[in-house]
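Observations on the three-dimensional arrangement
One letter stands for each residue in the lines below.
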Amino acid sequence: MISRLTTQRSEITLNASSIATGRTRMSVIKNLIHRPMRKLDTWRDVIRGFNPAWFTASMGTGMVSTLLYGFPYEWSPLKYIAMGIALLNLLMFVVFLVLFIWRLVQYRDFFYILLHPQVSMPLGAVPMAFTTVITSMVTILASYEVAWMPTLALVLWCINIVFALLSCLAIPFLITSHQKHAFENVNATILLPVVPTVVASSAGAIVASVHSGTTAVAVVLISYALWAMGVGISLMLITFYVVRLILHKLPPPETIISVFIPLGPLGQSSYAIQLLGVQALRVFPDGLSQMTYLGEVLHSLGFFLGLLIWSLAIWWFTHAIYSVLYTRFCGPVPFNLGWWALIFPTGTFVSSSGELWDLTGYTFFRILASTITVGIVLLWIVVILGTICFAWTGELFKPINTRHLEVHTYVEGEDVQSPEQRV
């Protein structure tokens with residue numbers, strides 16, 4: 001009898017504690033819902049804390065739309081889902097652009113952003129996010145034969161390459177001339193300013209596919225130049241980053257996801273050179289009659305180079321997965337906007353794999369692209385939900401002071417140090 005009473009009391013206690021725990025959780029949820037931006041002092045901090053890293057969310061969303069629309073296994077509902085995500089990406093890009101311009105106009109700190117060693121790196125995400133909007137538009141509307149689409153795509157692409165070139169040419173100069181960097185603190189975001197030209201080259205191949213004649217020839221030639229510029233600098237910086245990893249080991253948990261970023265230029269350059277080879281085979285026999293076999297050579301070279309770079313991307317993809325899993329095993333990995341580095345770089349590897357399947361017909365590439373696409377979509381859902389939750393609390397809008405910087409300058413009369421001594 002006593003034991004039964006004791007058991008009943010313990011059950012009542014457990015039920016009461018579970019009810020209390022449930023009430024506590026509900027109160028926390030209600031508190032979060034009724035107190036948005038609770039980690040910010042004022043709502044103005046949303047504008048002051050908005051930085052270019054938000055455009056990586058648009059990059060990832062646009063990549064998911066492209067992957068679903070071109071999924072290797074045909075399923076008509078996926079096309080409509082991809083269209084919906086493409087519209088979401090367009091809305092995200094417009095909202096982010098408005099907020100960023102608002103911030104620049106209100107606080108007038110663009111010059112300080114350019115000199116900031118961390119905030120300036122994601123400026124390259126702006127033209128890359130714009131590229132995903134252009135490619136989604138061309139890919140989706142091409143099947144509907146919209147008359148004005150080719151002209152609009154060409155105009156938008158020309159605007160995009162201007163900003164891609166500004167990012168690729170200006171920010172690396174500021175890195176080497178004005179910004180203060182410590183070798184042990186450098187992470188893979190240093191690649192972001194130079195990758196836009198590679199991404200623009202793949203978009204150029206897609207834009208050229210809806211044009212013909214001299215326009216298509218010009219777009220393809222410019223795209224090859226953009227590809228060479230971006231890939232060359234990216235490989236230099238990836239080598240530099242590998243040396244940093246060897247000497248100073250993996251980045252801290254807060255930035256460990258950034259190890260996926262080098263996968264972006266590798267996968268995208270493989271994808272772009274294959275697309276350009278396909279377009280070269282189509283436009284060069286007529287566009288450059290004095291070079292009869294140029295199209296065939298570039299088509300074969302595109303496949304060969306694409307396969308080689310894709311193989312290098314496999315190594316980096318594996319290394320990035322090992323790095324993140326090892327860091328997670330050692331401790332928690334806090335959520336931040338850097339988690340979007342999981343989506344776009346991995347998506348470029350899938351795009352490259354899918355194009356290899358189109359060129360070779362090998363089922364291996366088809367299965368690989370389909371499998372990783374499913375994983376990317378699941379990751380995208382997790383990351384976008386995390387972004388919404390942490391943005392609601394204001395955690396992702398914490399302002400970064402860009403005005404108090406230590407900028408490298410030369411003073412008359414001081415000893416001029418070499419770059420090695422400054423590092």
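Residues numbered from 1 in each chain as written. Predicted model: local features only at pLDDT ≥ 70, side-chain atom pairs only at ≥ 80, totals over all residues. Heavy atoms only, no water.

**Here's the deal with the overall build of the chain**
The helix and strand inventory of the chain stands at 14 helices and zero strands. Within the chain, the proportion of its 423 residues that are buried is 48%. A total of about 21,600 Å² of accessible surface is found on the chain, and carbon and sulfur atoms cover 69% of it. (Helix = DSSP H or I, 4+ residues; strand = E, 2+ residues; numbered from the N terminus. Buried < 20%, exposed > 50% of the residue type's maximum accessible area, 1.4 Å probe, protein only. Areas by Shrake-Rupley, 256 points an atom, 1.4 Å probe, with all protein chains shown as cover.)

**Description of empty space enclosed by the protein**
In this approach a probe as big as a water molecule rolls over the atoms, and the regions it shows empty are the leftover space. By the definition in use, this model includes one cavity of 30 Å³ or more. As for the largest cavity, its lining consists of Leu68, Tyr69, Phe71, Tyr73, Glu74, Trp75, Leu78 and Lys79. Listed by contribution, the elements that provide at least two residues to the lining of the largest cavity are α3 (55–69) and α4 (76–107). Partitioned by chemical class, the residues of the lining of the largest cavity number six nonpolar, no polar and two charged. (1 Å grid on protein atoms, 1.4 Å probe; cavity = no way out; pocket = protein on both sides within 12 Å on 5 of 7 lines; lining within 4 Å. Points joined across faces, edges and corners; volume = space filled by probe spheres on them. Nonpolar A, V, L, I, M, F, W, Y, C, P; charged D, E, K, R; others polar.)

**Side note on the pattern of salt bridges**
Under the criterion given, the structure shown has three salt bridges. A salt bridge links aspartate 109 to arginine 103; its shortest N-O distance comes to 2.6 Å. By relative accessible area, arginine 103 is classed as buried at 4%. A salt bridge links glutamate 395 to lysine 398; the nearest nitrogen and oxygen atoms lie 3.4 Å apart. Given the relative accessible area of 25%, glutamate 395 is considered partly exposed. Among the residues examined, lysine 398 registers a relative accessible area of 41% and is labelled partly exposed. (Salt bridge = Lys/Arg side-chain N within 4 Å of Asp/Glu carboxyl O.)

**Side note on a nonpolar patch on the surface**
Side chains of Val155, Ile159, Val162, Phe163 and Leu166 sit close together on the surface and give an oily, nonpolar patch of about 440 Å² of accessible area. For leucine 166, the position within the fold is in helix α7 (residues 149–177). (Patch = residues over 30% accessible without salt bridge, like charges linked within 9 Å, V, L, I, M, F, W, Y side chains within 5 Å.)

**Considerations on the environment of glycine 230**
Topologically, glycine 230 is positioned in helix α9 (residues 213–248). Along the backbone, glycine 230 and valine 198 are 32 residues apart, and their C-alpha atoms lie at a distance of 5.1 Å.

**Comments concerning the packing of aromatic side chains**
Here the distance between the centres and the angle between the planes together describe a pair of aromatic rings. A complete count under the given rule lists 21 aromatic pairs for this structure. With centroids separated by 5.7 Å and ring planes inclined at 55°, the aromatic side chains of tryptophan 54 and phenylalanine 96 adopt a geometry described as tilted. Of this pair, tryptophan 54 sits in the loop between α2 (44–48) and α3 while phenylalanine 96 sits in helix α4, and the two are 42 residues apart along the sequence. For the residue pair tryptophan 54 and phenylalanine 96, the accessibility class agrees, reading buried in each case. Aromatic rings pair up to connect Phe50, Trp54, Phe55, Phe93, Phe96, Phe100, Phe130 and Phe397 into one cluster. Directly above the aromatic system of tyrosine 69 lies the positively charged group of lysine 79, at a separation of 4.3 Å from the ring centroid. (Phe/Tyr/Trp six-rings, centres within 6.5 Å; stacked < 30°, edge-to-face > 60°. Lys NZ or Arg CZ within 6 Å of the ring centre and 35° of its normal.)

**A few points about the confidence of the model for the chain**
Averaged over every residue, the pLDDT of the chain is 87; residues scoring 70 or more account for 86%. Considering only residues more than four positions removed or in separate chains, one finds that residues 409–423, a stretch of pLDDT under 50, has seven contacts. (pLDDT = per-residue confidence, 0-100. Contact = heavy atoms within 4.5 Å.)

**Focus on unusual backbone geometry**
If you check the backbone angles, arginine 108 has positive phi at about 50° while not being a glycine. Among the structural elements, arginine 108 can be located in the loop between α4 and α5 (110–115). With a phi angle near 55°, glutamate 145 is a residue other than glycine that sits in the positive phi range. Residue glutamate 145 is classed as exposed on the basis of its relative accessible area, which comes to 71%.

**Quick word on the environment of valine 199**
Turning to its location among the elements, valine 199 is positioned in helix α8 (residues 196–208). Using a relative accessible area of 3% as the deciding quantity, one classes valine 199 as buried. Separated by 70 residues in sequence, valine 199 and alanine 129 place their C-alpha atoms 9.6 Å apart. Leave out the neighbours within four places in its chain, and valine 199 touches Met128, Thr131, Gln268 and Phe344.

**Regarding the layout of surface pockets**
If you add up the space inside the largest pocket, you get close to 1,100 Å³. Elements with a minimum of two residues in the lining of the largest pocket: α3, α10 (263–287) and α12 (344–360). Considering only enclosed or pocket space, the second largest pocket measures out at about 780 Å³ in volume. Elements supplying a minimum of two residues to the lining of the second largest pocket: α3, α6 (125–141), α8, α10, α12 and α13 (363–393). Broken down by class, the residue content of the lining of the second largest pocket amounts to 19 nonpolar, 14 polar and four charged.

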